[in-house]
Amino acid sequence: MKKTILRNLTIVSAIFIVTFSIMLITNYFQVRSFNPLQTGVIETLRQINEEHANNTELQEQIRQLDLLARRAYFVSMDHLMTGVYILVGMLLVFIVSLRLYFAGEQQIPGKQVPPADDWAVKTYARGYVHWVAGGLVTATLVFVFFSSPYLKTKPPQQAETLAETEALPSEEAGRESSDYGELPSADAPSVPSPADEQEAAGAEETLPAVEVSKVTHNGFRGNNSNAISSARNVPVQWDLNTKENIAWTTDIPRQGYNSPVINGSRVFITGADEQTRELYCYDLYTGKQLWTLTAEGISGSPSQMPKTSTDTGLAASTVTTNGKQVCAIFASGDLICADMDGKRLWAKNLGVPDNHYGYASSLLVFGNLLIVQYDNHNSPRLMALDMATGTERWNKARTDKITWSSPIIAYVNNQPQLVLMGNPGITAYNPNNGEQYWRVEGLSGEVASSPCSAGGLVFGASEYAALIAVDATTGRTLWQANDFLPEVSSPVATAEHVYLATSYGVLACYDAKTGELKSSHELNTEFYSSPVITEGKLYVFSNSGRMYIYSANSDFRLLHSFETGQATFATPAFTDGKIVVRTQTSLYCVTHSSVNS
């Protein structure tokens, strides 16, 4: 009876181990392949919130949905860990019952046994049993070994939800500036890379650990190039002379009018002259230059740089990054892409652009696609390249005349539209394949300003033409205005208002739905830098370096104004608690004194 029980226990445990292992392996790869922090659904939720910034009920539903997704994910991980423990326990049961079953059985040593002898049969049977048992034990241990490291390294954000880590803007912060924040994604690393950790480990001076913000600023005017930032606790006062709220300053090796970009703990800009074109990476917290990548050895690159105007130069285009690669383009047509540690991944020359001022359109990232607006006299076109390899994904010819505008991504009914301004049209494309959605004409002259979008509307403006509002669902023009128009600076919009800065010193606010001029401020200055909205406040630099901060609402009243002391043409970059500013000669980071000390 005892032998029968042990045999049955061995068989049942073996069947359980095989079946349970298959179930655990399947669940393991499902959990490993899905992470609520790295899914396109998060981007969709962010865009839904942006389109419905005033709908607090919808925002709460989004928070709850995010919370449920995270809980389900971590419960699955906990179940997987529990399953591994059960599997190990059942393996022990199998080994013990098998050992007890054969405890009284021994082979007869050194005895020649006929093939039909019962002892020989049992010996061979026990040999097969041992092989099968050993296979089960080995397979189980291999599975446990490979799965345990993954299970033990649960993300530190387990207990956090979107509502806790990236709270939606409050009414006091200005709902019209609301977006869903920079949700954690594969494109936005929230912790230093292994290379950073190795460098820190070998550093002579031990620096205190810092928490890296999840809020990125991945291109010109931020993510999607729409000039709305989800940064929180942003400084509103600083002084370069006294170093008040200045974390660090550093000189820039070579000139450029491009704007800074922030991803994780890295800041990117470019610089160029007749001899060299370079991509620079700086540490956000110290200002230390981490690496430099030179655009050289590129097939088709011109031996002599094209002529450019002094206020454009060879490095006017802002870089872009998806958190894994960073790409830069220069007026020579040279395009380079590197990983986050500065290793060159690929480079190509797109053909020297025929441009009498110099090429100035900034790059745009959409997922893993690099979007390039290449409007020039030779062959105006729009193209999408693979960020990792440089492989061309699609290429569309354009009919617009030469422009200096940059593309944006607008979300309309939760779907992305790639919007470009040119002369004479504003055009929307499908960013996945380049298919044209709609086109509205009405611009003219030298188009340098970029479009903006909010609430399903797209806005484009050009000096000597008009400010045009387009219903992006239909491609229909809603209204036009020409009271005040920008030359270089790009407008920014919320669901209620459109704000712009002109080269002749006027800041203007329009009603987004009707085009009515709500208010304007005539200032004795010029604006090339583009305004950015965060925390319900509009930040904009004058060319002389004076910072103006206005309330981003119908009041549009001045909150702060002060001189920084350095000419500033670039648009600043924002992240939690910090602003990175590029001047004519330097790069500096604004923070809070309490943080700095």
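Procedures and definitions
- Residues numbered from 1 in each chain as written.
- Predicted model: local features only at pLDDT ≥ 70, side-chain atom pairs only at ≥ 80, totals over all residues.
- Heavy atoms only, no water.
- Helix = DSSP H or I, 4+ residues; strand = E, 2+ residues; numbered from the N terminus.
- Buried < 20%, exposed > 50% of the residue type's maximum accessible area, 1.4 Å probe, protein only.
- Contact = heavy atoms within 4.5 Å.
- Areas by Shrake-Rupley, 256 points an atom, 1.4 Å probe, with all protein chains shown as cover.
- Pairing = 2+ DSSP bridges.
- Axes fitted to C-alpha atoms, helices over the stretch in contact; angles between N-to-C directions.
- Salt bridge = Lys/Arg side-chain N within 4 Å of Asp/Glu carboxyl O.
- Phe/Tyr/Trp six-rings, centres within 6.5 Å; stacked < 30°, edge-to-face > 60°.
- Polar contact = N/O pair within 3.5 Å; in protein donor to acceptor, adjacent residues only side chain to side chain.
- pLDDT = per-residue confidence, 0-100.
- Core = buried A, V, L, I, M, F, W, Y, C linked by side-chain atoms within 4.5 Å.

Enquirer: Before we move on, could you go through the overall build of the protein chain and cite the residues and values that matter?
Expert: Looking only at helices and strands, one finds 7 helices and 32 strands in the protein chain. Residues classed as buried in the protein chain amount to 56% of the 597 residues present. If you take every contact in the protein chain between residues at least 6 apart in sequence, the share linking residues at least 24 apart comes to 58%. Carbon and sulfur atoms form 53% of the exposed surface of the protein chain, whose accessible area is close to 25,700 Å².

Enquirer: Describe the sheet that holds strand 14 (residues 408-412), and please don't skip the residues or the numbers.
Expert: Judged by pairing direction, the sheet is antiparallel, and its 4 strands sit side by side in the order 14-15-16-17 without closing on themselves. Edge strands, defined here as strands with exactly one partner in the open sheet, are strand 14 and strand 17 (436-441). On average, each strand axis in the sheet is tilted by 25 degrees relative to the strand beside it, whichever way the strands run. One ladder, built from 5 bridges, connects strand 16 (residues 425-429) with strand 17; its direction is antiparallel. Bridging from a neighbouring strand, G425 pairs with E441 of strand 17.

Enquirer: Any chance you could break down unusual backbone geometry for me, citing the residues and the numbers?
Expert: For the bond running from N423 to P424, omega is 25 degrees, close enough to zero to count as cis. Topologically, P424 is positioned in the loop between strand 15 (415-421) and strand 16. Backbone geometry at K243 places phi at a positive 70 degrees, although glycine is not the residue there. Mapped onto the elements, K243 comes out in the loop between helix 6 (194-201) and strand 1 (246-251).

Enquirer: Give me the sheet that holds strand 7 (residues 325-329): which residues, what numbers.
Expert: Strand order in the open sheet formed by 4 strands is 6-7-8-9, with antiparallel pairing between adjacent strands. Sheet topology places strand 6 (320-321) and strand 9 (344-349) at the edges, where each strand pairs with a single neighbour. Inspection of the sheet shows strand 8 (residues 334-339) paired to strand 9 by 5 bridges, in the antiparallel sense. Each bridged residue has a counterpart across the sheet, and for L335 the counterpart in strand 9 is K348.

Enquirer: Could you give an account of the pattern of salt bridges, naming the residues involved and the relevant values?
Expert: The final tally for this structure, using the stated rule, is 10 salt bridges. Close ionic contact of R254 with E278 constitutes a salt bridge, the shortest N to O distance being 2.9 Å. Residue R254 is found in the loop between strand 1 and strand 2 (261-263), and its partner E278 is found in strand 4 (residues 277-283); the two are separated by 24 residues along the sequence. Judged by its relative accessible area of 10%, E278 is buried. Across the salt bridge formed by R393 and D386, the nearest N and O atoms sit 2.8 Å from each other. It is possible to trace a salt-bridge network through shared partners that takes in D375, R398, D400, R439 and E441.

Enquirer: Talk me through the pairing of strand 3 (residues 266-272); I want residue IDs and the actual numbers.
Expert: Burial analysis of strand 3 places 7 of its 7 residues in the buried class, the great majority of the element. Here 3 bridges tie strand 2 to strand 3, and the two strands are oriented antiparallel to one another. Residue pairing for strand 3: I262 is matched across the bridge by V267. The hairpin turn running from strand 2 into strand 3, its antiparallel successor, is 2 residues long, and G264 in that turn takes a positive phi close to 65 degrees. With 7 bridges joining them, strand 3 and strand 4 adopt antiparallel strand pairing. Bridge pairing in strand 4 places I269 opposite Y280.

Enquirer: Please provide a residue-by-residue account of the packing of aromatic side chains, values included.
Expert: Counting across every chain of the model gives 14 aromatic pairs. The interplanar angle of 25 degrees and the centroid separation of 6.4 Å between the aromatic rings of W479 and Y510 together place this pair among those described as stacked. Here the residue W479 occupies a position in strand 21 (residues 476-481), and Y510 occupies one in strand 24 (residues 506-511), the gap between them amounting to 31 residues. When sorted by exposure, W479 lands in the same class as Y510, which is buried. Members of the aromatic cluster, each reached through a chain of ring pairs, are W238, F541 and F562.

Enquirer: Outline the environment of L100, supporting the account with residue identities and numerical values.
Expert: Within the secondary structure, L100 sits in helix 3 (residues 56-101). Accessibility expressed as a relative area gives 46% for L100, which makes it partly exposed. Spatially, the C-alpha atoms of L100 and R7 are 9.3 Å apart, while their sequence positions differ by 93 residues.

Enquirer: Outline the environment of S453, supporting the account with residue identities and numerical values.
Expert: Within the secondary structure, S453 sits in strand 18 (residues 452-454). Overall, the relative accessible area of 2% leaves S453 in the buried class. At a separation of 2.9 Å, a polar atom in the side chain of S453 contacts the main-chain carbonyl oxygen of L457.

Enquirer: Let's hear about the pairing of strand 29 (residues 558-563): which residues, and what values?
Expert: Where strand 28 (residues 546-551) and strand 29 come together, 5 bridges link them in antiparallel fashion. Bridging across to strand 29, I549 finds its partner in H560.

Enquirer: Pulling in residues and values, what's your account of the environment of T391?
Expert: Relative to the helices and strands, T391 is located in the loop between strand 12 (381-386) and strand 13 (392-397). Once the C-alpha coordinates of T391 and W346 are considered, the two residues, 45 residues apart in sequence, prove to be 9.6 Å apart. Each residue touching T391, except ones within four places of it in the same chain, is listed here: A384, L385 and D386. A polar contact is formed between the side chain of T391 and the side chain of T389, at a distance of 2.9 Å.

Enquirer: So what about the confidence of the model for the protein chain? Which residues, and what values?
Expert: Looking at the protein chain, the pLDDT average stands at 82 and 73% of residues meet or exceed 70. Confidence drops under pLDDT 50 across residues 148-207; counting only partners more than four residues distant or on other chains, this segment forms 127 contacts.

Enquirer: Could you give an account of the nonpolar core, naming the residues involved and the relevant values?
Expert: Note that soluble globular proteins tend to have their nonpolar side chains buried in a common cluster. Judged by nonpolar contacts, the single largest core of 35 residues is most densely connected at L370 and V372. Within the residue set of this core, elements represented by two or more residues are strand 3, strand 4, strand 5 (289-294), strand 7, strand 8, strand 11 (369-374) and strand 12. Excluding anything up to four places from it in sequence, L370 contacts T320, C327, L335, W346, L363, L364, M383, A384, L385 and M387. Of all hydrophobic cores here, the second largest spans 32 residues; its members include A227, I228, W238 and F556.

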